[in-house]
Amino acid sequence: MYLLPKVARLRRALCPGVVPRRFRFTDTAGHVECRERPKNPFYDPYYENSVWGPRPRCLIGRKSQVTVASGVGVGPELMRHVKRILLAANAPVDFENMSCNSNNGYEDMDNIIYSVERNGVAIKGNLEKRLEPLEISRNMQLRRSLDLFVQLIEIKSYPALVEKMRCKHNVDVVIVRQNVEGEFALLEHHNGKGIENLKITTEYNTRRLAEFAFQYAIKHKRRKVTVVYNKGFMNSSEGLFVNTISDVAEKYPDVTFTKQSMRGFAFRMTDFNFNGDVLITGVLYGGLIMYLMFGLMLPLHRQMAQGCSADRNLGPRYAVFEPAVRHKGFKQMGKDIANPVSTLDCAVKMLHYLGHHEAARRIERAIDLTINEDLVHTRDMLGVASTSTMVHNIERRIRESMPVGYSDDETHPPPLPPTPPSVPPYKP
């Protein structure tokens, strides 16, 4: 028999007709029984964040364990700067460093996938060195193995760069791109005279893509959701894509929903009537729109616009963050001239995903002040600052925003080194 505490026994003696909440149990007929709610003896309270749970998380001493794959080119150099900035912002994150050597085949790639399945979150650079014929991309293998069905790209221009480039408009748009279907299905075969490439479109993946887009628009207070599709070609697949998204849009009457063909969208793109929108696209058109947006963002230096944006590959259980820039940067290795903003933006998005919002906002504000107020720009931003100079300025801004009582002991980063004398300060 369950022994009630003194307060509960007194309450039952004074109010005999009232049943305590924890002893109320409603059966299928709607009758309230006065007995204790049954407990599952096999329930594991840590199941949800375990390897087998819906949201795997690896916490070691209240710190989130994150998989780090630096990649090739300037990836290792930029990842070292990311770790220093996260340490300066006092972010509760630990790193599990994974190597990816193309000479080892796919063994290193399998180890990275196992690490992401254990930790749940990863930040990476470009994993490809060069692709041989009949070789599957490692980035594609990672997305398909972890079921990362959404590629989320936030494209937003910085006011200082817009004024510097003399652009007419600011760009603020979010692209929700299909990540596992369409051309990324990787289904092709010989038919005797040629090769047939299959573009796969299913209602299940399209529906969960649309659900994610509408929920994102509601959470971040976006103006409307627009689906961009190809009109007049492949009517069955494109019709299934558009009709499924239209069915999902009926569940969200508070969000404005529009349809736009790829031809009409590209024709009216210079009107900038899409700012504040969420664009739902397939694989091919999502890539085209992304690079067109980078061209509108900074028409003289499209590569610089890529260097200021980050990609989020999201799935039901895992998340992988990577820069939007796709070049490896072999020519920039060891020269201290690479743009670190895109990789740092990946770290900010990762901290928001893990729930460390205070550290994420601190880094985000430091990057904004460095670019817009301090005007510290790298060479691809038409500046003269080096990578180290820009990272040092961001770290200085982070230290200025630290709360009162912050002390430099062995658990915090050492004092800032002086700015390299070989790099003159930037003067606009």
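As a reminder, the structure under discussion sits directly above these lines.
The shown structure was predicted, so the numbers you read here are calculated from the model rather than taken from an experiment.

### Looking at the pattern of salt bridges
Under the criterion given, the structure shown has 18 salt bridges. The partner of R208 in a salt bridge is D147, and the shortest N-O contact between them spans 2.8 Å. Residue R208 is found in helix α6 (residues 203-219), and its partner D147 is found in the loop between α4 (138-146) and β7 (150-156); the two are separated by 61 residues along the sequence. By relative accessible area, R208 is classed as buried at 15%. The salt bridge partner of R223 is D277, with a shortest N-O separation of 2.9 Å. Placement of the pair is R223 in the loop between α6 and β11 (224-229) and D277 in strand β13 (residues 277-281), with a sequence separation of 54 residues. You can call D277 buried: its relative accessible area is 2%. Counted as one network, the salt bridges with shared partners bring together E373, D374, R396, R397 and E400.

### Points about the packing of aromatic side chains
Taken as a whole, this structure holds 4 aromatic pairs when the rule is applied. Ring plane angle 5° and centroid distance 5.3 Å describe the contact between F214 and Y252, whose orientation is recorded as stacked. Of this pair, F214 sits in helix α6 while Y252 is found in the loop between α7 (235-249) and β12 (256-261), placing the two residues 38 residues apart along the sequence. Y252 carries the same exposure label as F214, and that label is buried. With 5.9 Å between their ring centres and 45° between their planes, F214 and F257 make a pair best called tilted. On the criterion of sequence distance, the pair formed by F214 in helix α6 and F257 in strand β12 is long-range, its members being 43 residues apart. On the accessibility criterion, F214 (0% relative accessible area) is buried. Accessibility expressed as a relative area gives 22% for F257, which makes it partly exposed. One aromatic cluster is present, formed by F214, Y252 and F257 through successive ring pairs. The cationic tip of K83 hangs over the ring face of F95; the distance from NZ or CZ to the ring centre is 5.6 Å.

Definitions and limits used
- The residue count restarts for each chain, going from 1 along the sequence in the order it is written.
- It should be noted that, the model being predicted, local features are given only for residues of pLDDT at least 70 and side-chain atom pairs only at 80 or more, the latter also being counted only at that level, while totals for whole chains, interfaces and linings use all residues.
- As a convention, hydrogens and water are excluded, and side-chain values are obtained from all of the structure's heavy atoms.
- A pair is scored as a salt bridge if a Lys or Arg side-chain nitrogen falls within 4 Å of a carboxyl oxygen belonging to Asp or Glu.
- Only DSSP runs of H or I covering at least 4 residues are called helices, and only runs of E covering at least 2 are called strands; the numbering of each starts at the N terminus.
- The classification of residues rests on relative accessible area computed with a 1.4 Å probe and restricted to protein chains. Under 20% of the type maximum is buried, over 50% is exposed, and intermediate values are partly exposed.
- Working definition: a ring pair exists when centres of Phe, Tyr or Trp rings (six-membered ring for Trp) sit within 6.5 Å. Plane angles under 30 degrees give stacked, over 60 give edge-to-face, the rest tilted.
- Criterion for a charge above a ring: Lys NZ or Arg CZ within 6 Å of the ring centre, and within 35 degrees of the ring normal.

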